[in-house]
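Single-letter residue listing:
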Amino acid sequence: MKSITIMKSMLLLVIAVALSSATAIAETIRKVDKHTLVIRGNPDGLEKILLDRRAILSSADPLAIILHGSQGMVKNLRSLLADTPVPRTYGGNIAPPGYLPWQVGFVDAIARNIVDGVFCGGALISERWVLTAAHCITDSRALGGNAHPSRFFMVIGETKMHPGVIRHRAKNIIVHSSWKQPTTTRLDQDIALVELETPVTFSPEIQPVTLPWPDDRQLLQDGAPLLVSGWGFTEENRNSYDLLHTTVNILSNSNCSTIGRYEEFLTGNMVCAHKPGSDTCSNDSGGPAIVFSNSGPVLLGLASWGYECGSNTNPGVYVRVGRYLNWLSAQTGLSLPLNFASRE
């Protein structure tokens, strides 16, 4: 499974540019290693394009950079690429039926095949409602941007993405009103609700996930295991046919903010987690991040963003679900407490 470097939907951005010579091209490609992107303009302008478009720059989607400009521009661009966030499940194990009964997969309705069509994950919280990441709805390359309910379907209660899965349709989509607003810290409030057209019937394979208490600080213990899952990119740089799961470890925001550009994006609405070689990845965004309490598994977070997948140094970042329980109740009409974990 694999992670985000800014969200878990990938966008290939290619902008043409005139170059002075073949020597300049070769020199530039050599300086930026594996990534390839043909661009025009200064790095500041490029940074705005990349971050506004939620472009994913990772080895999972190799891009080569061909830049016409000074050595200073090349240096700044290399720094930008190393620090640009993307979405992510890596180093995973196959989930047996019923092991992750709250897992939801989002699939492009017009994809050539169902495995390649997976573009995000989600967590079932009731018979009718699914939680996911806002960027899955507003920034999905697969859906051409803002998603209409007719453009995708959801898979629930399955562990294999086979053509015969039951296709659950969306009736309504609610994106957090503060997502991508000018007053919002970049990447913050990355949460959305999807209402199912037809309620699911609970079974051993389909169950709602337990939600945390609003005060979830007792669950945020440094080093505590966090179970993440999805059908997203694996080490083979493609989606998985099987639902995969892996474990990462919670990392305090104070420690997480000391790494690279994380401090620029981190807020109290996010949770970091890291384990070298294990991670969420492209097309895992919105999927559940589960912590284990005395009362059982609890939905601590939703996969949101990070830098590279399975990196030795860069953690993944998850939406802190406990911060949104009042919003969730107001939008859905569900009464709180709803499937709350015991505080013990």
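Since the structure is predicted, the reported quantities are computational estimates derived from the model, not experimental observations.

Engineer: Is there a simple way to explain the confidence of the model for the protein in this structure?
Structural biologist: This prediction gives the protein a mean pLDDT of 75; 69% of its residues lie at or above 70. At the level of individual helices and strands, the protein shows its lowest average pLDDT in strand β2 (residues 64-66), which scores 31, and its highest in strand β6 (residues 129-132), which scores 98. Across residues 1-84, where pLDDT falls below 50, the model places 240 contacts with residues more than four positions away in sequence or in other chains.

Engineer: So what exactly am I meant to see when it comes to helix α8 (residues 325-332) here?
Structural biologist: In an α-helix, one turn spans 3.6 residues, which is why side chains three or four residues apart end up on the same side. Every buried residue belonging to α8 is among Leu-325, Trp-327, Leu-328, Ser-329 and Thr-332, and all of these are buried. Next to the buried residues of α8 lie β6, β8 (170-175) and β9 (192-196). Positive phi appears at Gly-333, one or two residues downstream of α8, with a value of about 80°.

Engineer: Would you mind showing me how to read the state of the cysteines here?
Structural biologist: Cysteine pairs can be covalently joined through their sulfur atoms, and such a bond is termed a disulfide. Counted by the stated rule, this structure contains 3 disulfides. Residue pairing for Cys-120: its cysteine sulfur links by disulfide to Cys-136, the two sulfurs lying 2.0 Å apart. What sets the handedness of the Cys-120 and Cys-136 disulfide is the S-S torsion sign, and at about -85° it is left-handed. Here Cys-136 lies in helix α5 (residues 134-138) and Cys-120 lies in strand β5 (residues 118-124), a separation of 16 residues in the sequence. The exposure class of Cys-136 is buried, given its relative accessible area of 0%. Paired through a disulfide, Cys-256 and Cys-272 show a sulfur-sulfur distance of 2.1 Å. Handedness here is read from the sign of the S-S torsion; for Cys-256 and Cys-272, about -75°, the answer is left-handed. Here Cys-256 is found in helix α6 (residues 253-256), whereas its partner Cys-272 is found in strand β12 (residues 270-274), with 16 residues between them in sequence. Exposure class is identical for Cys-256 and Cys-272. Each is buried.

Engineer: Is there a simple way to think about the environment of Met-161 in this case?
Structural biologist: When you line up the elements, Met-161 lands in the loop between β7 (152-156) and β8. Accessibility expressed as a relative area gives 1% for Met-161, which makes it buried. The sequence separation of Met-161 and Gly-105 amounts to 56 residues, and the corresponding C-alpha distance is 9.0 Å. Discounting residues that sit within four places of it in the chain, Met-161 has contacts with Gly-105, Val-107, Ile-114, Val-115, Val-118, Val-155, Trp-231 and Tyr-241.

Criteria and cut-off values
- Residues numbered from 1 in each chain as written.
- Predicted model: local features only at pLDDT ≥ 70, side-chain atom pairs only at ≥ 80, totals over all residues.
- Heavy atoms only, no water.
- pLDDT = per-residue confidence, 0-100.
- Helix = DSSP H or I, 4+ residues; strand = E, 2+ residues; numbered from the N terminus.
- Contact = heavy atoms within 4.5 Å.
- Buried < 20%, exposed > 50% of the residue type's maximum accessible area, 1.4 Å probe, protein only.
- Disulfide = S-S within 2.5 Å.

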